[in-house]
Amino acid sequence: MSAVRRDDTGAVPTIGGVAVPDLSAGLGAVVWVAAVAAGVLGTVPRALALAPLVLVPLGVGMAGNRPFPGPAGRCLRAAVWCQPVGALLLTASLALDVAGPVAAALAAPWLLVTGLLGLVALARTAERGGVALPETAIDAGLAYVSVAAVALLLYHLDITFYFGPTIILLTAVHFHYAGFVLPVVTGLTGRSGHLDSRLWRPLVGVILAGPAIIAVGISFSPLVEVVAVGGFTVAVALFGWFVLLRIAPTRSRRQAVLLGASAVALPLSMALALGYGVATFSGLALGLDIATMVALHGSLNAFGFALLGLVGWRLEVP
């Protein structure tokens, strides 16, 4: 009998009793460490590659901890099986470090994976027929990540419109982290309970709308960017406070430490983003150029908030 679990319940597939997303995240971690050790990934590609290799499978696997029936479940299983290949090819595209058809062809399968996740979100929203905040947050993350895949493909095709290529690449990073990880972590937090419903609804609203509005501000208006980042920073600071004071104390010690550290890193990284937006809008020299933002804001987001948060929730999935 095959060790691969096959069913139509919408559950995440397993091999030998281990969820495929967990196996993929473990393999992805090995690949990421090897690529970093070999020096084939630059600073931004290093943060970007971590998402499809490790963070996305972790997030998708925990989202599917509550089985998705019907079309959503079928799309989820297809995405889970395609994800490891798409992530490995995406990493190879980043290692090439040149724009062109070869790099674009390597990154294209990730667009398929994220497109399937977007269909999962669409099907779940249609089946639900209403707003259930934790599930809506998870669906937003599943939908947003396809924007990251499109941005990466544009970067490899050297289609930058009136932006520089670095901004296009950072857009791919933005929608993997603020677009995917943050909404999924918000949804998992909501599934765990213990949140004040009076603040929870507007808080989730700002968190879900924030990444898109910030992207619009970066594209068209520094003023919109500053206002959006300001509101987003307040929202994530409140979210971090909730997790630190209301959620972490209800969990096991190991999980509480990881979730608490993640909750502290998130508002710190967004405070840097707010400082960068203010500097761009006002012309003040705050010492927050792109290189500094990548090193500080990027590291806090990738390793402080996203990695610690997802690994923390994986210890005991709500």
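Please read all numbers here as calculations on a predicted model, not as lab measurements.

(A) A look at empty space enclosed by the protein. One pass over the structure, following the stated rule, counts three cavities of 30 Å³ or more. As for the largest cavity, its lining consists of Val185, Thr189, Phe239, Gly240, Val243, Leu259, Ser262, Ala263, Leu266, Phe305, Gly309 and Trp313. Those elements giving two or more residues to the lining of the largest cavity turn out to be helix H6 (165–192), helix H8 (222–247), helix H9 (253–282) and helix H10 (290–315). The greatest single-element share of the lining of the largest cavity, amounting to four residues, is contributed by H9. Here the lining of the largest cavity is built from residues that sort into eight nonpolar, four polar and no charged. The computed volume of the second largest cavity comes to approximately 50 Å³. Elements that contribute at least two residues to the lining of the second largest cavity include exactly helix H2 (43–63), helix H3 (70–96) and helix H4 (101–128). Considering only residue class, the lining of the second largest cavity consists of eight nonpolar, one polar and no charged.

(B) Just the confidence of the model for the protein, in detail. Model confidence for the protein is summarised by a mean pLDDT of 86, while 86% of its residues fall at 70 or above. Of all secondary-structure elements in the protein, the lowest mean pLDDT belongs to helix H7 (residues 197–220), at 78, while helix H1 (residues 20–38) reaches the highest, 97. Considering only residues more than four positions removed or in separate chains, one finds that residues 1–7, a stretch of pLDDT under 50, has eleven contacts.

(C) Looking closely at H2. The terminal C-alpha atoms of H2 lie 29 Å apart, and with 21 residues this matches the ideal 30 Å at 1.5 Å per residue to within 8%. The largest bend in H2 comes to about 40°, at Ala51, with the proline Pro52 one to four residues further on. With 19 of 21 residues buried, H2 is to be regarded as a mostly interior element.

(D) Quick look at the pattern of salt bridges. Enumeration according to the criterion identifies six salt bridges in this entry. For Asp22, the salt bridge identified is with Arg314, shortest N-O distance 2.4 Å. Taken together, the residues span a long stretch of sequence, with Asp22 in helix H1 and Arg314 in helix H10 at a distance of 292 residues. Close ionic contact of Arg191 with Glu135 constitutes a salt bridge, the shortest N to O distance being 2.8 Å. With a gap of 56 residues between them, Arg191 in helix H6 and Glu135 in helix H5 (residues 133–156) connect regions that are remote in the sequence. As far as the burial class goes, Arg191 and Glu135 line up, both buried. Within the structure, one salt-bridge network assembled from shared partners comprises Arg124, Arg128, Glu135, Asp139 and Arg191.

(E) Inspection of the nonpolar core at higher detail. Ranked by size, the top nonpolar core spans 84 residues in total, and within it Leu55, Leu142, Tyr177, Val181 and Phe239 carry the most contacts. Once residues within four sequence positions are removed from consideration, Leu55 is found in contact with Leu50, Tyr177, Phe180, Val181, Ala306, Leu307 and Leu310.

(F) Just unusual backbone geometry, in detail. Even without a glycine there, the phi angle at Asp158 is positive, about 60°. Structurally, Asp158 is set in the loop between H5 and H6.

(G) Focus on H4. Spanning 28 residues, H4 covers 40 Å between terminal C-alpha atoms, matching the ideal 40 Å at 1.5 Å per step. Where H4 bends most, the angle comes to about 25°, and this point is Ala107, followed within four residues by the proline Pro109. Backbone geometry just after H4 places Gly129 at a positive phi near 65°.

What counts and how
- Residues numbered from 1 in each chain as written.
- Predicted model: local features only at pLDDT ≥ 70, side-chain atom pairs only at ≥ 80, totals over all residues.
- Heavy atoms only, no water.
- 1 Å grid on protein atoms, 1.4 Å probe; cavity = no way out; pocket = protein on both sides within 12 Å on 5 of 7 lines; lining within 4 Å.
- Points joined across faces, edges and corners; volume = space filled by probe spheres on them.
- Helix = DSSP H or I, 4+ residues; strand = E, 2+ residues; numbered from the N terminus.
- Nonpolar A, V, L, I, M, F, W, Y, C, P; charged D, E, K, R; others polar.
- pLDDT = per-residue confidence, 0-100.
- Contact = heavy atoms within 4.5 Å.
- Expected span 1.5 Å × (residues − 1).
- Bend = angle between axes of the 7 residues up to and from the residue.
- Buried < 20%, exposed > 50% of the residue type's maximum accessible area, 1.4 Å probe, protein only.
- Salt bridge = Lys/Arg side-chain N within 4 Å of Asp/Glu carboxyl O.
- Core = buried A, V, L, I, M, F, W, Y, C linked by side-chain atoms within 4.5 Å.

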